[in-house]
Amino acid sequence: MKISKEVRIGLLAVISLVIFFVGFYFLKGASLFSSDQYFYCYYDNVDGLQNSANVQIQGLNIGRVSAMRLEPGRGVKVTITIAKSVKLPKGTTATLQSLGLIDPKTIALTPGAGTEYLKPGSVLETGVHGGMMEKVSTELTPRLRQLKTTISSIDTTLAGVNA
């Protein structure tokens, strides 16, 4: 059986398009062939959270951020995708956090104390954990005020000496 050149080229084009779309969705962080479960979180400010950012429980990656959308009156709706094998107890909290100065934002899940499990599509309670920059900023702000006062008094003293 001989296949014509036109059929071969058409078949090659179709296979190339399929590989392109599967690769594109893979790089985007979406999994086409798995049955993950979706949960939703609402934040006032996502502070640089990106699509396909990691979702973790106790430092273990169990999922990804799959979508973010601004909803008037509620804030930013973040859709997270979690592996089907992970069960989240009721009362689970999704905390937006950054571990270091250059680390990307992640969502850390803190399992609740409930004995019942959340159903896929549930809305999780949210929280925000200050990162390294926020800690440095809270430490430096009082010191900068003291430095400003000291410089002002030195300036006044030098003006008196010059007079």
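Definitions and limits used
Residues numbered from 1 in each chain as written. Predicted model: local features only at pLDDT ≥ 70, side-chain atom pairs only at ≥ 80, totals over all residues. Heavy atoms only, no water. Phe/Tyr/Trp six-rings, centres within 6.5 Å; stacked < 30°, edge-to-face > 60°. Buried < 20%, exposed > 50% of the residue type's maximum accessible area, 1.4 Å probe, protein only. Helix = DSSP H or I, 4+ residues; strand = E, 2+ residues; numbered from the N terminus. Lys NZ or Arg CZ within 6 Å of the ring centre and 35° of its normal. Core = buried A, V, L, I, M, F, W, Y, C linked by side-chain atoms within 4.5 Å. Contact = heavy atoms within 4.5 Å. Polar contact = N/O pair within 3.5 Å; in protein donor to acceptor, adjacent residues only side chain to side chain. Patch = residues over 30% accessible without salt bridge, like charges linked within 9 Å, V, L, I, M, F, W, Y side chains within 5 Å. Areas by Shrake-Rupley, 256 points an atom, 1.4 Å probe, with all protein chains shown as cover. Salt bridge = Lys/Arg side-chain N within 4 Å of Asp/Glu carboxyl O.

*Asks:* In this structure, what is going on with the packing of aromatic side chains? I would like to understand it.
*Replies:* Here a ring pair, both rings aromatic, is described through the centre-centre distance and the interplanar angle of the planes. Counting across every chain of the model gives two aromatic pairs. Relative to F21, the ring of F20 lies with its centre 5.4 Å away and its plane at 70°, an arrangement referred to as edge-to-face. Overall, F20 belongs to the exposed group, its relative accessible area being 51%. Relative to F24, the ring of F20 lies with its centre 6.4 Å away and its plane at 20°, an arrangement referred to as stacked. Here F24 and F20 lie together in helix α1 (residues 5-28), a separation of four residues that amounts to about one turn. Residue class for F24 comes out partly exposed when judged on its relative accessible area of 42%. By way of ring pairs, the aromatic residues F20, F21 and F24 are connected into one cluster. The ring of Y42 is capped by R74, whose NZ or CZ atom sits 3.8 Å from the centre of that ring. Its end group placed over the ring of Y40, K77 keeps NZ or CZ at 4.4 Å from the ring centre.

*Asks:* Help me understand the nonpolar core, please; the structure alone is not making it clear to me.
*Replies:* The nonpolar side chains of a soluble globular protein tend to be buried with one another. Within the largest apolar cluster, 22 residues are counted, with the highest numbers of intra-cluster contacts made by V78, I80, L88, I107, L109 and L124. For this core, the secondary structure elements donating two or more residues are β1 (37-43), β2 (54-57), β3 (60-71), β4 (75-82), β5 (93-97) and β6 (106-110). With four residues, β4 is the single largest residue contributor to this core. With sequence-adjacent residues up to four places away left out, L124 is seen in contact with F39, Y40, C41, I80, L88, T92, A94, L109 and L118.

*Asks:* Whenever I open this one, the side chain of E71 confuses me. Can you help?
*Replies:* Tracing the backbone shows E71 in strand β3. Among the residues examined, E71 registers a relative accessible area of 15% and is labelled buried. For E71, the side chain forms a polar contact with the side chain of R69, separated by 2.6 Å. Ignoring anything within four residues of it in the chain, the contact list for E71 reads Y42 and K77.

*Asks:* What should I look at first to understand a nonpolar patch on the surface in this one?
*Replies:* Together, L17, F20, F21, F24 and Y25 line one region of the surface with nonpolar side chains, adding up to about 520 Å² of accessible area. Take L17: it is sitting in helix α1.

*Asks:* Can you help me understand the side chain of S122 in this one?
*Replies:* Here S122 shows up in the loop between β6 and β7 (125-128). With relative accessibility at 17%, the residue S122 sits in the buried group. In this structure the side chain of S122 is engaged in a polar contact, spanning 2.6 Å, whose partner is the backbone oxygen of K119. Discounting residues that sit within four places of it in the chain, S122 has contacts with Y38, F39 and Y40.

*Asks:* Looking at this model, I keep getting lost on the pattern of salt bridges. Mind explaining?
*Replies:* Any two side chains of opposite charge can pair, given that their charged atoms come close. In this structure the tally under the stated criterion is three salt bridges. Across the pair E71 and R69 runs a salt bridge, and its minimum N-O distance is 2.6 Å. With a shortest N-O distance of 3.9 Å, E71 and K77 are connected by a salt bridge. Here E71 matches K77 in class, with each residue buried. Residues joined by salt bridges that share partners form a network here, namely R69, E71 and K77.

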